[in-house]
Structures are given as structure tokens and as C-alpha cells.
Amino acid sequence: MASTLSKTETLSLVTLLGSSVAVLANTFQGDGAPVVASIGFSALGFCVTYAFVRWSGPSFVKAGLKGKDLSKRDPKDIPESMGSVAAAVFILVLIAFIPFAFYKDIVAATSGGGNRDSVLPSLIAQLETGRFLHRFPHSKLSSYQSALNTLEATTILGLADDILDLRWRHKFFIPAVASLPLLIVYYVDFGVTSVVVPNILIRYMPSEVRIINLGAFYYAYMSALSIFAPNSINIFAGINGIEVGQSLVIAGLLVFNSSLYLVPFPGNPVLTNDANSTTYSAHPATDSHLLALYILLPFIAVSLALYMHNRYPARVFVGDTYCYVAGMTFAVVAILSHFSKTLLLLLIPQIFNFVYSTPQLFKIVPCPRHRLPKFNARTGLLEPSVTPWDEDRQPKPYLIRIFGILERFGLLQVTRLALPGHTSDNNGHANGHLRKSSSGVPLSAGMSSTPPRSASPQPTTTTRPGGKGRVISTSNLTIINLYLVYRGPLREDQLCRELLLLQAACGLAGLFIRHKLAMFLFGMDNRPIGGTWSLV
């Protein structure tokens, strides 16, 4: 990868940089425009990330932070852990944005550049007796600062993992510690730990209560979400662009979800009660969703700059730092903006991938160091990678039964050694089972499967569900390998595009469930009903 920017890239970045500075300068008017300022800082973050990823690549390689792209015919060393650059720019942008987020409270609402003892006459009537103080939104600032503290701690975790290659058992619970500032602020400023019981379960609840208070269990749930989100992005990886791509899709859907609470448009199901209504009222959660935008917009910008270097063919690897920061960003906005259950609906592929990977993650099935798809140099396509099973280390009987069930439903590829005495037909099948050549390529009709007379007999293998014989290998338990089992070999870029489309489709389905089926499932929703916000 060239360490310098081309003339076209330089001109484009300088133009965008100048535009972002102009936008930021224009926000110092009236009550300020924090959303516009956030967009300006996001553009600034994109420019800085794009340039520094390019400029710092050789330094990372020199420091030993490099890796080979094994899914290419001619693997070359490329910079690794470049997500740390995006994470650093992201955090610096969030810090620089603080005065713009609270411009109205610091300057416009006071008469002395933030002098809290001198308030405008129009505000005096709103003050309680006692010392005249402008009501600065300390709760909002503390929420913002807690998000910063959590993201900073997560970045340190990612860097430690990239440099020291920490074991899973050492790093798995660290995000829970990083989320403590977040949970403390949630407890002090919000503290709601009640959940709504679905209608179908109300009859089974004591006294048929509709809302139950989970207490400390709710904080355990949020802590678990802080653990799951970063690790779920980290294990859904292995091909160019997939880590950043899925993060961009999820962040875009979260921005769309928050926009429903902020942007009035005809038929908005959240801000209106009537599809034909033109009257809108501010949502009670407006400030929470604005906070989500302040965090997500810069994240999308730096991620887009990183994606342009990580997409196929990748010129950099993002490393664990980016995966942890991306997942924690989603957990932060979901907890602070109070839509953690909505986030889970957007993480359906990640949840499935985690559940599907559980046997390997917990060593029930052998787990190789990397489970990325296997590159076939002859065809240039990616194929499912496998876990080999030696003759003296076969899966236990209960695993063989589970493998058989998964295989019948198309959720696993199992290769077996045909039993002795099985014969082959003219189409290369053993007792109806597809045979493979020694290279693993299925033998088509008309191809001879009989070895030369001087050669020793070759073993017959089968991948047909329900086959008998010793298990030779099983496909690795990741959603990427499963997709290749279902679709067959694919080019790396095509595989990434289809997985991102799957992520987007699942996310849109999740938002549909959230905003269309919530009334059916819970009998309530956070939209106005007859002008009020209540149970129906």
C-alpha cells in the first residue's frame, strides 16, 4: 500500500476538510446547531482517518503489526491493527465536540460566556428560590462523559489484544469492567429497571402484572450486552471488509431508528398517531436519541474511511481494537438512549453466529486459531474451512448425532470416509454418495474414479447427509462458513456483499418488529396514543 495520497485524494480531502471547518464556524450563531456541528466534525474525522491510515501504515509494519492476507493467490504483508487509528480519531472528535453539544447551555442561555451566576431575565421566572444558577444539564454531560470513558477503556483493551494477543478467557469479561462508568451514570440519572411483560405471558405472572422490576438483574443484562456486542463483532470476521461493513450497516440502522424520534415526516409512526396527520410533537426521548446521533455520526465517518482501505482487496487489517470499539459504541448508545432491546433486534446475525459457534468457543468441538474460509488457489474462490478429525480422535457419539441433525438441515458439512466394501457407480458415487477427488473437488459424471493399476486404492469420501463411516472433517462453526456451505464457493468480495445484505435485511426486519409488532406483543409502544404516552 502506498503511504502517500494521490493528487485526487489530496484535493478531495482538502475540499471536504475546508467545508467541514466552514460548517463548524457557522454553528456559532443563535442557540447553536449541535447536529450540524456533529456532521461537520464527522466530515473532519473522515478526512483525518483516511489520511492517517494511509500515512501510518508503514510505521505499523515496521513495528511488527502486520499480517498476510491468506485469501489471496500471492499473500503479502499489510498493516494490521489499523482500527486503532480510527478509534483514536473517533474519541478525539467526541472530545472536541463537547463545547458544541452544550453551546446553548454554556453561552446562549447565560449572559457571561457561561457565567452560571448571571442569568438572562427571561430565565429568572423559571428558577427556584435561592442562589440564581443556570440549570446546566449536568446529567447529559455526565452521560456523554461516561460514554467517552467506556470507549477509551475499550480502546485500551483492543490495543492490548492486538499487541499481546490475549487469550479469550483473559479478555472476555474486560468489557464489563469498561462499562462500569456507563452503568453508574445510568443508575444515578435514569435508574429504570422495569420491563414490560408480553401479552401472551401476562396470564402466567403473579397477579397478572404487566410490568416487572428486574432490579440488579437489569444491570447484569446491560453488563452482558456490553460483553456480547464487542465480542460478537470480533467473531463475525475473517474476510475483507466484513468487520467494518457490518458495523456500518448496524450504525446506519441505529441512526435511522433514532431519526424516527427526531425527524417529522408524513406518516411517521413515532411522532404522529395518524398517518395523515401533519401535527408533530417532540418525543420525550428526543435528548436521548440526539445523544445517540452525536456518537454514531462520527463513528460512521471514521468507519467509512477505514472501510475504503479494508474492503476487497484489503490494503490494511482493522485488528481487534476496531471490533471492540464498534461493538461497545453500539452498547453505549443503546444503554444511554434506552433502546437496548432494539439493538438486539439489529444483531440477529451476530446472535446466531455466537450460538452457532458455541461448541467451538467452549471447546466442545476443536477450535482452530483462525476459522476464516479456505481459499482455493485453483479457482480463486472461498470454500468452507474445516476441523479435521483424526482416526484416534473421533467425535463422541452424542456429537455424531448432533452433526447428523445439523447436516440434514443444511447447517453443517460433514466429510466421512466410506465404509470398506462400498462400491462406486459410473458417476463417481459410492452407494449413492458423492465422491471427492484427492483435492476435494467433486468428480463429475464421465470422470474416471478408478486409479491406475499400479496405484494403491484411494479412500472414498462422502459429504451426503446421512452417510456412514468415520468422520474426516466438519465445517467450522461460523456464519461465514455456513453461508458458503449453503451457497457454495464464492469470490471474497461477493461473499462480503451478500453477508452485508443479509445483515441489512435482518436489521430492517428487526426495526419492523420493533415499530409495527410492539403493540401486538406488549399492548404498548413509545408512540403517542390520543396525544399521550401511555398503555393502551
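Bear in mind the structure is a predicted one, so any value in this text is a computation, not a measurement.

### Here we look at the overall build of the protein
Then comes step 1: Counting its secondary structure elements, the protein contains 21 helices and 12 strands.
Then comes step 2: Each of the 536 residues in the protein was classed as buried or not, and the buried ones make up 46%.
Then comes step 3: Taking all contacts inside the protein whose residues are at least 6 apart in sequence as the whole, residues at least 24 apart take part in 73%.
Then comes step 4: For the protein, the computed accessible surface area is about 26500 Å², with 63% contributed by carbon and sulfur atoms.

### Comments concerning the pattern of salt bridges
Then comes step 1: Considering all chains together, one arrives at 11 salt bridges under this definition.
Then comes step 2: The salt bridge partner of Lys140 is Asp287, with a shortest N-O separation of 3.2 Å. Here Asp287 lies in helix 14 (residues 286-310) and Lys140 lies in helix 7 (residues 138-164), a separation of 147 residues in the sequence.
Then comes step 3: When the shortest N-O distance is used, the salt bridge between Asp493 and Arg491 registers 2.8 Å.
Then comes step 4: On the accessibility criterion, Asp493 (15% relative accessible area) is buried.
Then comes step 5: Residue Arg491 is classed as partly exposed on the basis of its relative accessible area, which comes to 41%.

### With respect to the UniProt feature "transmembrane region" (unreviewed entry) in the protein
Then comes step 1: UniProt marks residues 35-53, 82-103, 172-196, 216-236, 248-271, 291-309 and 321-339 with the feature "transmembrane region" (unreviewed entry), using the numbering shown here.
Then comes step 2: Regarding residues 172-196, the helix share stands at 60% and the strand share at 12%, and the terminal C-alpha atoms are separated by 30 Å.
Then comes step 3: Helix makes up 100% of residues 291-309 and strand 0%, whereas the separation of the span's terminal C-alpha atoms amounts to 29 Å.

### Considering the environment of Asp77
Then comes step 1: In this structure, Asp77 sits in strand 2 (residues 77-79).
Then comes step 2: Exposure remark for Asp77: the relative accessible area of 39% places this residue in the partly exposed category.
Then comes step 3: Each C-alpha atom of the pair Asp77 and Arg315 lies 9.3 Å from the other, and the pair is 238 residues apart in sequence.
Then comes step 4: Leaving out residues up to four positions away in the same chain, Asp77 has contacts with Lys66, Gly67 and Lys68.

### With respect to unusual backbone geometry
Across residues other than glycine, the phi torsion is negative in most instances, and most of the peptide bonds are trans.
Then comes step 1: Here the residue pair Tyr312 and Pro313 is connected by a cis peptide bond, since its omega of -10 degrees sits within 30 degrees of zero.
Then comes step 2: Within the secondary structure, Pro313 is located in the loop between helix 14 and helix 15 (319-336).
Then comes step 3: One non-glycine residue, Ser207, adopts positive backbone phi at about 60 degrees.
Then comes step 4: Structurally, the position occupied by Ser207 is in the loop between helix 11 (199-202) and strand 4 (211-213).
Then comes step 5: Classification of Ser207 by relative accessible area gives exposed; the value is 74%.
Then comes step 6: One non-glycine residue with positive phi stands out, namely His338, at about 65 degrees.
Then comes step 7: Structurally, His338 can be placed in the loop between helix 15 and helix 16 (340-346).

### Regarding the layout of surface pockets
Then comes step 1: Of the volumes computed, that of the second largest pocket is approximately 1600 Å³.
Then comes step 2: The set of elements that each furnish at least two residues to the lining of the second largest pocket consists of strand 1 (66-68), helix 7, helix 8 (168-171), helix 12 (216-235), helix 15 and helix 17 (348-361).
Then comes step 3: Here the residues of the lining of the second largest pocket are counted per class, giving 19 nonpolar, 12 polar and 15 charged.

### Focus on the packing of helix 7 against helix 15
Then comes step 1: Contact geometry of helix 7 with helix 15 gives a least axis separation of 8 Å together with a crossing angle of 160 degrees. Judged on the interaxial angle alone, helix 15 and helix 7 are roughly antiparallel. Classified by chirality, the crossing of helix 15 by helix 7 is right-handed. Across from Ser143, Ser146, Ala147, Thr150, Leu151, Thr154, Thr155, Leu157, Gly158, Leu159, Asp161 and Asp162 in helix 7, the residues of helix 15 making contact are Gly319, Asp320, Thr321, Tyr324, Val325, Met328, Thr329, Val332 and Leu336.
Then comes step 2: Residues that form the contact of helix 7 with helix 15 fall into these classes: 9 nonpolar, 9 polar and 3 charged.

### A word on the packing of aromatic side chains
Then comes step 1: For the structure on display, the rule yields 18 aromatic pairs.
Then comes step 2: For the pair Phe46 and Tyr50, a centre-to-centre distance of 6.0 Å together with 35 degrees between the ring planes defines the contact as tilted. Taken together, the residues Phe46 and Tyr50, both in helix 2 (residues 34-62) and 4 residues apart, mark about one turn of the helix. Here the two residues Phe46 and Tyr50 agree in accessibility, since each one is buried.

The rules behind each value
- Residues numbered from 1 in each chain as written.
- Predicted model: local features only at pLDDT ≥ 70, side-chain atom pairs only at ≥ 80, totals over all residues.
- Heavy atoms only, no water.
- Helix = DSSP H or I, 4+ residues; strand = E, 2+ residues; numbered from the N terminus.
- Buried < 20%, exposed > 50% of the residue type's maximum accessible area, 1.4 Å probe, protein only.
- Contact = heavy atoms within 4.5 Å.
- Areas by Shrake-Rupley, 256 points an atom, 1.4 Å probe, with all protein chains shown as cover.
- Salt bridge = Lys/Arg side-chain N within 4 Å of Asp/Glu carboxyl O.
- UniProt positions renumbered as here; feature names shortened; annotations may be inferred.
- 1 Å grid on protein atoms, 1.4 Å probe; cavity = no way out; pocket = protein on both sides within 12 Å on 5 of 7 lines; lining within 4 Å.
- Points joined across faces, edges and corners; volume = space filled by probe spheres on them.
- Nonpolar A, V, L, I, M, F, W, Y, C, P; charged D, E, K, R; others polar.
- Axes fitted to C-alpha atoms, helices over the stretch in contact; angles between N-to-C directions.
- Parallel < 35°, antiparallel > 145°, perpendicular 65-115°, else oblique.
- Left-handed = near helix turned anticlockwise from the far one by under 90°.
- Phe/Tyr/Trp six-rings, centres within 6.5 Å; stacked < 30°, edge-to-face > 60°.

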